[in-house]
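Spelled out from the first residue to the last, the chains are:
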Amino acid sequence: MSVNIEILNFLKYVIRTIFSIIVIDALIMSVPILQLKKRKEIPLKFSINMKNRIDFQHGNKCAAFATAYVLRHFNINSDGNTLYQHFPCKVPSGGVTPLGIRIVLRKHNLKTKYKKGSIYNLKEDLNNGAPVIVFIHSSPNSKGSHYVPVTGYDEDGFYMAESIEKLSNITNEKGICNRKVNYKDFKIMWNIKNIYMPLYSNTYIVVSPKKDKS
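Residues numbered from 1 in each chain as written. Predicted model: local features only at pLDDT ≥ 70, side-chain atom pairs only at ≥ 80, totals over all residues. Heavy atoms only, no water.

Caption draft 1: Structural context of the packing of aromatic side chains. Applying the stated criterion across every chain, the model contains eight aromatic pairs. Both rings, one in Y114 and one in Y200, keep their centres 6.2 Å apart while their planes meet at 20 degrees; by these two values the pair is stacked. Highlighted residues: Y114 in strand 3 (residues 110-116) and Y200 in the loop between helix 6 (183-190) and strand 8 (203-209), separated in sequence by 86 residues. The exposure class of Y114 is buried, given its relative accessible area of 1%. Members of the aromatic cluster, connected to one another through ring pairs, are F46, Y153, F158, Y183, F186, W190 and Y204. Over the ring of Y84 we find K90; its NZ or CZ atom is 3.9 Å from the centre of that ring. (Phe/Tyr/Trp six-rings, centres within 6.5 Å; stacked < 30°, edge-to-face > 60°. Helix = DSSP H or I, 4+ residues; strand = E, 2+ residues; numbered from the N terminus. Buried < 20%, exposed > 50% of the residue type's maximum accessible area, 1.4 Å probe, protein only. Lys NZ or Arg CZ within 6 Å of the ring centre and 35° of its normal.)

Caption draft 2: Local environment of the pairing of strand 3. In this structure, strand 1 (residues 33-34) lies alongside strand 3, joined through two bridges in parallel fashion. Bridge pairing in strand 3 places L34 opposite K116. Two strands pair when backbone bridges link them, and strand 3 and strand 8 are joined in this way by seven bridges, in the antiparallel orientation. Across the sheet, the residue bridging to K113 is V206, located in strand 8. (Pairing = 2+ DSSP bridges.)

Caption draft 3: Local environment of the pairing of strand 4 (residues 132-137). Taken across its six residues, strand 4 has six buried, putting it largely inside the fold. Strand direction decides the pairing type here: strand 4 and strand 5 (residues 145-153), joined by six bridges, are antiparallel. Note on strand 5: the bridge partner recorded for V134 is V148.

Caption draft 4: Quick peek at the pattern of salt bridges. In the structure shown here, the tally under the stated rule is six salt bridges. Between D125 and K115 there is a salt bridge, with its nearest N and O atoms 3.0 Å apart. You can see D125 sitting in helix 5 (residues 119-126) and its partner K115 sitting in strand 3, a full ten residues away along the chain. This pair shows no difference in class: D125 is buried, exactly as K115 is. (Salt bridge = Lys/Arg side-chain N within 4 Å of Asp/Glu carboxyl O.)

Caption draft 5: Looking closely at the environment of R102. For R102, the position within the fold is in helix 4 (residues 98-107). On the accessibility criterion, R102 (9% relative accessible area) is buried. Placed 14 residues apart in sequence, R102 and P88 show a C-alpha to C-alpha distance of 9.6 Å. With residues near it in sequence (within four places) discarded, R102 still touches S30, T112, K113, Y114 and I205. A distance of 2.9 Å separates a polar atom in the side chain of R102 from a polar atom in the side chain of T112. (Contact = heavy atoms within 4.5 Å. Polar contact = N/O pair within 3.5 Å; in protein donor to acceptor, adjacent residues only side chain to side chain.)

Caption draft 6: Representation of the packing of helix 5 against helix 6. Relative orientation of the contacting elements helix 5 and helix 6 amounts to 100 degrees, with a least axis distance of 12 Å. It follows from the interaxial angle that helix 5 and helix 6 lie roughly perpendicular. Of the residues in helix 6, those touching helix 5 at I119, L122 and K123 are Y183, F186, K187 and W190. Looking at the contact of helix 5 with helix 6, its residues break down into five nonpolar, no polar and two charged. (Axes fitted to C-alpha atoms, helices over the stretch in contact; angles between N-to-C directions. Parallel < 35°, antiparallel > 145°, perpendicular 65-115°, else oblique. Nonpolar A, V, L, I, M, F, W, Y, C, P; charged D, E, K, R; others polar.)

Put into structure tokens, the structure is as follows:
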């Protein structure tokens, strides 16, 4: 009987711990909206066709550099280093939670949605015409979290505006992309789930202009 009570108490502790982690994550990171199905047919290839600039970061500033890239897409002049100085929701390592990115974009009168879905869902949202910020590992062998705008795709993989210079592997004169990641590696990189972030694999931030109410 005492063994059963100990097991029951342990299970209660585990459940309380998991619940606490989920609540804390929701408060400091934002809650992703689960995408359950395909919404529309999409082309086999897509690329954003708007000239931009890709800057390279130093330190854990990928959130600010990804945000700055998206702001420039919407004709809002922005620099990653300057943006990072007062970026909200920083963690002790110098990184930033997804909520911080959303707060900054909203301050510039842009609408954001934080979603959790499939590669197909990500492609669907990318076809709306704006870069989509994904929350990933920087490479298949890395465990550190990273933000990067996805700007296009084809049959083989995604194109990105990468702010880590050593990860750049292609060139583009318009500043639309400088990195391509095949789908096999992307799936590995997109799986960022761990004990402290059980809900945040396969998540991304969609950005769009707020509709004019006039």
